[in-house]
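Listed below are the residues making up each chain.
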Amino acid sequence: MSGGGGEVIRGCVLLVGAGGIAAPAALALAAAGVRELRVADDDEVELTNLHRQILFDDDDVGRPKLDAFSEALRRRFPGLRVDRRYGRFAPSAAAGLMPGVSVVVDATDNFASRFLIADVCRLTRTPVVHAAAIRWRATVMAVAGEGAPCYRCLFEDLPTGDAPDCATAGVAGPVCGVAGALAADRALAILEGDTSVFGRIATYDGLKDTLRSVPVSARPGCALCGASAAIATIDASRYVVACAAESGSPTHESGSPTQVEQDRESGSPTPVEQDRESGSSTHHNTGEQDHG
């Protein structure tokens, strides 16, 4: 990780989520010289989260995560700009979060959001770092704006049936820290033009204290980045209810709504790029869980 000598690293990093992975990632990014973070989240601080969400303490319980998150960062880094966006990274609001973003760090805790983020980043040609943690394992994958490979090359589509998350399966707090640190490392490399981080997935095993990085192959038939890619719009029906059921568009720090397609019909396609034909993708369940 570079940038620790006091120099400013140009570029805005969008953190999707303000929890156990986003907190260490934000600390590492700010310490390395990043001066602009945009953070999207719609949750409140809970007591059961404190073992892994290291920017919060007991006094923050019940507060919006974004408020506690940004205040904790500014105490440590007075020169850091934190652009708070209240709300989910939802299909109708996603396009409004992307302008000016250099790289996205996906620190969400469900498959629906991960696939939505992957699709939006591919369609807007924005690099993304997917980071996840569950039980004693952390996984991180950096994807170029063009994909090839992308998240759908590896997982293809949302899994069917219930998938365990931190609430049901648990997660060790330090494992979230590893995931956040690895995500920040990849994001910093991307900001500095290092393309060597693309096309690999890193897996940390907290029980064995081992870190393994393996290449990911581009899948020719990928619906998102393959030669005959079919995903050209963000259609809310493509994602599960947890992501498609929107609780309102994210807002700026002033509290005013971000204007993103307010005349849309529920479930209708949200165009991000319309120069490719729309279609559907198939499901390939790898069994890998990627919740943070």
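As a reminder, the structure under discussion sits directly above these lines.
This one's a predicted model, so the numbers in the text were calculated from it and none came from an experiment.

Visitor: Hey, could you run me through the pattern of salt bridges in this one?
Guide: Opposite charge on two side chains makes pairing possible when the charged atoms of those side chains draw close. Counting across every chain of the model gives 13 salt bridges. The residue Asp-83 makes a salt bridge to Arg-38 at a minimum N-O spacing of 3.1 Å. Taken together, the residues Asp-83 in strand β3 (residues 81-86) and Arg-38 in strand β2 (residues 36-41) connect sequence positions 45 residues apart. There is no split in this pair, since Asp-83 and Arg-38 are both buried.

Visitor: Just to check I follow, could you spell out the packing of aromatic side chains for this structure?
Guide: In this description, an aromatic ring pair is defined by two values, namely the gap between the centres and the angle between the planes. Under the defined criterion, the tally for this structure stands at 2 aromatic pairs. Where Phe-115 meets Tyr-151, the ring centres are 5.0 Å apart and the plane angle is 70 degrees; that geometry is what we call edge-to-face. In this pair, Phe-115 is assigned in helix α4 (residues 111-123) and Tyr-151 in helix α5 (residues 151-155), connecting sequence segments 36 residues apart. For Tyr-151, a relative accessible area of 3% translates into the label buried. On the basis of an interplanar angle of 40 degrees and a centroid distance of 4.8 Å, the ring pair of Tyr-151 and Phe-155 is categorised as tilted.

Visitor: How should the side chain of Asp-83 be read in this particular structure?
Guide: The exposure class of Asp-83 is buried, given its relative accessible area of 6%. Within the structure, the side chain of Asp-83 is placed 3.1 Å from the side chain of Arg-38, a separation counted as a polar contact.

Visitor: Before we go on, may I ask you to explain empty space enclosed by the protein in this structure?
Guide: Rolling a probe over the atoms, with the probe sized like a water molecule, indicates the empty space that remains. Here the structure, examined in full by the defined rule, presents 2 cavities of 30 Å³ or more. By volume, the second largest cavity is sized at about 60 Å³. Together, 13 residues line the second largest cavity, and Ala-118, Arg-122, Val-128, Val-143 and Cys-150 are the ones closest to its centre. Those elements giving two or more residues to the lining of the second largest cavity turn out to be α4 and β5 (128-134). Counting residues per element, the lining of the second largest cavity draws most heavily on α4, which supplies 3 residues. The residue inventory of the lining of the second largest cavity, partitioned by class, reads 7 nonpolar, 4 polar and 2 charged.

Basis of the calculations
Residues numbered from 1 in each chain as written. Predicted model: local features only at pLDDT ≥ 70, side-chain atom pairs only at ≥ 80, totals over all residues. Heavy atoms only, no water. Salt bridge = Lys/Arg side-chain N within 4 Å of Asp/Glu carboxyl O. Helix = DSSP H or I, 4+ residues; strand = E, 2+ residues; numbered from the N terminus. Buried < 20%, exposed > 50% of the residue type's maximum accessible area, 1.4 Å probe, protein only. Phe/Tyr/Trp six-rings, centres within 6.5 Å; stacked < 30°, edge-to-face > 60°. Polar contact = N/O pair within 3.5 Å; in protein donor to acceptor, adjacent residues only side chain to side chain. 1 Å grid on protein atoms, 1.4 Å probe; cavity = no way out; pocket = protein on both sides within 12 Å on 5 of 7 lines; lining within 4 Å. Points joined across faces, edges and corners; volume = space filled by probe spheres on them. Nonpolar A, V, L, I, M, F, W, Y, C, P; charged D, E, K, R; others polar.

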